[in-house]
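Secondary and tertiary structure notes
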Amino acid sequence: MKFDTILEYQRVDLELIALETEATSSKERAALLTAKKNLDTATSTVGKLSAEAGEIIANYGKIQDKMNDLKTNLDEFTGLLEDLDDVSEAEYYLKEVDAIVSEIIALDKEANKEMNRIDGVNNDYKKTWEAGTKASEVFRQAKAVYDKFMAELQPKANEIKAKLDALQKEIPEDLLSRYKALRDPKKMPVFVEYDASKKICGRCRMEMPNDVIEKLRQSGDYAECPNCRRINYLP
Ligand SMILES: [Zn+2]
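Please read all numbers here as calculations on a predicted model, not as lab measurements.

What the protein contains, in helices and strands, is five helices and three strands. Starting at the N terminus, the α and β elements of the protein follow one another as α-α-α-α-β-α-β-β. The globule rule puts the C-alpha radius of gyration for 235 residues at 18 Å, and the 39 Å found for the protein is more than 25% above it. A buried classification covers 33% of the 235 residues belonging to the protein. In the protein, once contacts between residues fewer than 6 apart in sequence are set aside, the share between residues at least 24 apart is 68%. Entry remark: accessible area of the protein is about 15000 Å², with carbon and sulfur atoms responsible for 53%. Both charge centroids of the protein, one from 37 positive and one from 45 negative side chains, sit 16 Å from each other.

Dropping the structure here:
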């Protein structure tokens, strides 16, 4: 019968799909994905905290520069005031000095705020770094467990693939290409027996339209169901 080999191929291929499903839905893979996500989160947080620390240090540097400029101004006034006789002029300069001192005090407070911020960032950084180191270790272990699990499935997968390769040589090209077009989107089983008595699809049970029924007249005929896209064949 024309369909024997492709049906056998489909049966063996279902074993391969079951094996693939076993791998993708395994607890080993779930653990690996979780570990990867935790590691990525820690890595990205470390990056953000580094950037924030850099920004704070730059701010702190700017504040220090401003303070140094003001202190230089202040030093100039000290010289001026010593040589001054005029009281009103002295008062004017003293006011200027007061203003500069207030500005320095305000900047000092700002600098302290930045220092406190950097302490906070430092603590967060340490904690995240520790969490990241742990996450990295958990990931390493999960990866080893997953690799071992996959390696154990490999001989079975190889065996199935060898069977498929052998069967493939005996299947007409047109049947095989139609099968593969539906196999990859996992429309399994691809080949279903046409229910000729009811004129319905062997899979989705939809009534076949006349143009499809026309194609399914004698043994060996096959046609695609317009609803579920499965290949209906007549044995
Ligand atoms: Zn159908």
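All chains considered together, the criterion is met by 16 salt bridges. Two residues, Arg 11 and Glu 8, come together in a salt bridge whose shortest N-O distance is 3.1 Å. Highlighted residues: Arg 11 and Glu 8, both in helix α1 (residues 4-24), separated by three residues, approximately one helical turn. Of the residues examined, Glu 8 reaches a relative accessible area of 31% and is grouped as partly exposed. Residues Arg 183 and Asp 13 are paired through a salt bridge, measuring 2.9 Å at the closest nitrogen-oxygen approach. Here the residue Arg 183 occupies a position in helix α4 (residues 173-183), and Asp 13 occupies one in helix α1, the gap between them amounting to 170 residues. Comparing Arg 183 with Asp 13 shows no difference in burial state: the two are buried.

What follows concerns the environment of Ala 196. Note that Ala 196 resides in the loop between β1 (191-193) and α5 (210-215). For Ala 196, a relative accessible area of 41% puts it in the partly exposed group. Counting along the chain gives 36 residues from Ala 196 to Asn 232, while the straight-line C-alpha distance between them is 9.8 Å.

Of the protein atoms, only Cys 201 (SG), Cys 204 (SG), Cys 225 (SG) and Cys 228 (SG) coordinate the zinc ion, at distances of 2.3 Å. Around the zinc ion, the four donor atoms sit at angles spanning 106 to 113°, and that spread fits a shape best called tetrahedral. Here the donor residues of the zinc ion are spaced in sequence according to C-x2-C-x20-C-x2-C. Here Cys 225 lies in the loop between β2 (222-224) and β3 (231-233) and Cys 204 lies in the loop between β1 and α5, a separation of 21 residues in the sequence. Given a relative accessible area of 27%, Cys 204 falls into the partly exposed group. Assessed through its relative accessible area of 0%, Cys 225 is described here as buried.

Taking relative accessible area as the criterion, Arg 183 reaches 11% and is therefore assigned buried. Within the structure, Arg 183 has its side chain in polar contact with the side chain of Asp 13 (distance 2.9 Å). In contact with Arg 183, other than residues within four places in its own chain, are Asp 13, Leu 16, Ile 17, Glu 20, Met 188 and Val 190.

Rules and cut-offs
- Residues numbered from 1 in each chain as written.
- Predicted model: local features only at pLDDT ≥ 70, side-chain atom pairs only at ≥ 80, totals over all residues.
- Heavy atoms only, no water.
- Helix = DSSP H or I, 4+ residues; strand = E, 2+ residues; numbered from the N terminus.
- Rg over C-alpha atoms; globule rule 2.2 N^0.38 Å.
- Buried < 20%, exposed > 50% of the residue type's maximum accessible area, 1.4 Å probe, protein only.
- Contact = heavy atoms within 4.5 Å.
- Areas by Shrake-Rupley, 256 points an atom, 1.4 Å probe, with all protein chains shown as cover.
- Lys, Arg positive; Asp, Glu negative; His and termini not counted.
- Charge placed at Lys NZ, Arg CZ, Asp CG, Glu CD.
- Salt bridge = Lys/Arg side-chain N within 4 Å of Asp/Glu carboxyl O.
- Donors = N, O, S within 2.8 Å, 3.2 Å for Na, K, Ca; no water.
- Tetrahedral: all angles 85-135°; square planar, octahedral: opposite > 155°, others 65-115°.
- Polar contact = N/O pair within 3.5 Å; in protein donor to acceptor, adjacent residues only side chain to side chain.

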